[in-house]
Structure formats: structure tokens, C-alpha cells
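As a plain string of letters, each chain reads:
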Amino acid sequence: MVNLGQVTENFYVSLKALESNNVVDIESTPKISTLNGHEATISIGETTYYQEQQVNVQTSAVNQGILQSRQWKPLDANLSVKIKPFVSADEHVTLTISVEQDGFIDREDPTAPPGVTTRTFESVVRVKNGELILLGGLEEKERNDAGEGVPFLSRIPVIKWFFSSRKKIRDKSKLHILIRPVVTY
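Every value quoted in this text rests on a predicted model; they were computed, and no experiment measured them. (Residues numbered from 1 in each chain as written. Predicted model: local features only at pLDDT ≥ 70, side-chain atom pairs only at ≥ 80, totals over all residues. Heavy atoms only, no water.)

Draft legend 1. Local environment of the overall build of the chain. Looking only at helices and strands, one finds two helices and seven strands in the chain. Order of helices (α) and strands (β) in the chain, N terminus to C terminus: β-α-β-β-β-β-β-α-β. For 185 residues, the compact-globule formula gives about 16 Å, and the C-alpha radius of gyration of the chain, at 25 Å, lies well above that figure. With the C-alpha coordinates of the chain rotated into their principal frame, the extents come out at 75 × 65 × 25 Å. Counting over 185 residues, the chain shows a buried share of 18%. Of the contacts formed within the chain by residues at least 6 apart in sequence, a portion of 60% connects residues at least 24 apart. Separation between the mean location of the 21 positive side-chain charges and that of the 23 negative ones in the chain comes to 6 Å. (Helix = DSSP H or I, 4+ residues; strand = E, 2+ residues; numbered from the N terminus. Rg over C-alpha atoms; globule rule 2.2 N^0.38 Å. Buried < 20%, exposed > 50% of the residue type's maximum accessible area, 1.4 Å probe, protein only. Contact = heavy atoms within 4.5 Å. Lys, Arg positive; Asp, Glu negative; His and termini not counted. Charge placed at Lys NZ, Arg CZ, Asp CG, Glu CD.)

Right under this line is the structure:
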């Protein structure tokens, strides 16, 4: 966590310029408000569905049968930010901040539900009215090496270039959240 303090008017213009040059990716710039001592929450995410199958065997003296039922169940992955401000008489704001970021990971089996990773951050900070703080440190790395090809020919050193394909994915992303509390009367 970094307290940037009072930033210049050009700070936001510089941030927009970094985004237009693909140096940073700004997902959204939401604004939320709440009363002193009350929690404000903002959340964004996605939902995926998986199928759950249940098989029941029924036996009785008269007949016997198998009863199958299928049900689609939802699974959520969200980014949620909860902030609870306390304003003092000298216009310092004490913020209780909680950030939770969920994400889907690959399925182990096509019929299984997707896995979910969760990263959380909780802190209490005190800043002056209008100062900007930066929350960071939630990092995600993805590394995937996959290949496919003709079974025998894809292993021969030079010939494999014609009979196989490889796919390498290396991705790294960091989540930074800028918070600027402004007290209004």
C-alpha cells in the first residue's frame, strides 16, 4: 500500500496516456459513496455454470428402476471492494478496506466444475481528505505449455516442425486499486 497524497491535476491525464500506450490497462473507474461509519461495497464479476448429475436406484417388491436427474449450478468469480470510512474532526479519514478477487482456473475434467482461485487483501489506513492511496500486490501469473501432433512424427527433431504445433502462454497481471476519499458536507 502506498499513500500518494495529493496528486496534481495532470496525474489522471498521465494515467490516461499510459492506458492509450498499452502500458497499463484500466478496467473501470467506479465511484461509490457512503455515510460515515457505514460500509460501501462494489463488485464486478462473471458467472459460469456446470452440470451436476444425480443417479438414484429405486428398488421395491414390485419393480426396480434408475432415476437420473441433472441440474445446472452457478459458480461466481468476482472482484469486490468493501470500504468503511470513519471521518475525524480534523478531516482525516480512517478506511477499513477489504478486497477480494476470484478467478476461474482450468477444469480438471470437462464434466467437472471449474476451479476458483481467491486472493484477498485487508487493511486499515488513515489519510487526509482528498489524498490518493494505491492498493497493490494482488498478482496473477499464468504459464501454460501445450503441444499436439502426429504421434511418432512429432518427436523426430527436424520433422516435428511440420507435424506438430506448440502453444506457449506466459501472462502476468497485477491488480492495483486507487482510492481517494473525499469528504463532503
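Alright, that's what it looks like, and here's the rest.
Draft legend 2. Here's a closer look at the environment of Val57. Positionally, Val57 belongs in strand 2 (residues 40-59). Distance from Val57 to Arg170, taken between C-alpha atoms, is 47 Å for residues 113 residues apart in sequence. Among all residues touching Val57, those that are not within four sequence positions of it are Gly65 and Ile66.

Draft legend 3. How the structure looks around the nonpolar core. Ranked by size, the top nonpolar core spans 15 residues in total, and within it Leu95, Ile97, Val99, Ile133, Leu135, Ile177 and Ile179 carry the most contacts. If you list the elements that add at least two residues to this core, you get strand 3 (64-87), strand 4 (92-105), strand 5 (115-128), strand 6 (132-149) and strand 7 (164-179). Residues in contact with Ile179, not counting those within four places in the same chain, are Ile83, Leu95, Ile97, Glu131, Leu132, Ile133 and Leu135. (Core = buried A, V, L, I, M, F, W, Y, C linked by side-chain atoms within 4.5 Å.)

Draft legend 4. Quick look at the pattern of salt bridges. This structure, assessed with the given rule, holds two salt bridges. Salt-bridge contacts for Lys73 lead to Glu52; the nearest nitrogen and oxygen are separated by 3.2 Å. Here the residue Lys73 occupies a position in strand 3, and Glu52 occupies one in strand 2, the gap between them amounting to 21 residues. The partner of Asp90 in a salt bridge is Arg126, with the nearest N and O atoms 3.7 Å apart. Of this pair, Asp90 sits in the loop between strand 3 and strand 4 while Arg126 is found in strand 5, placing the two residues 36 residues apart along the sequence. (Salt bridge = Lys/Arg side-chain N within 4 Å of Asp/Glu carboxyl O.)

Draft legend 5. Molecular detail of a negative patch on the surface. Together, Asp106, Glu108, Asp109, Glu142 and Asp171 give the surface a local cluster of negative charge. With respect to the element layout, Glu108 can be found in the loop between strand 4 and strand 5. (Patch = residues over 30% accessible without salt bridge, like charges linked within 9 Å, V, L, I, M, F, W, Y side chains within 5 Å. Areas by Shrake-Rupley, 256 points an atom, 1.4 Å probe, with all protein chains shown as cover.)

Draft legend 6. Structural detail: unusual backbone geometry. One non-glycine residue, Glu91, lies in the positive phi region at around 60 degrees. The topology assignment puts Glu91 in the loop between strand 3 and strand 4. Of the residues examined, Glu91 reaches a relative accessible area of 29% and is grouped as partly exposed.

Draft legend 7. Representation of the sheet that holds strand 2. Pairing is antiparallel across the open sheet formed by four strands, whose spatial order is 2-3-4-5. Looking at strand neighbours, the two that pair on one side only are strand 2 and strand 5, the edges of this open sheet. Geometrically, the sheet is characterised by an average inter-axis angle of 20 degrees between neighbouring strands, direction not taken into account. (Pairing = 2+ DSSP bridges. Axes fitted to C-alpha atoms, helices over the stretch in contact; angles between N-to-C directions.)

Draft legend 8. Local environment of a positive patch on the surface. Judged by side-chain charge, Arg143, Lys160, Arg166 and Lys168 come together as a positively charged surface patch. In this structure, Arg143 sits in strand 6.

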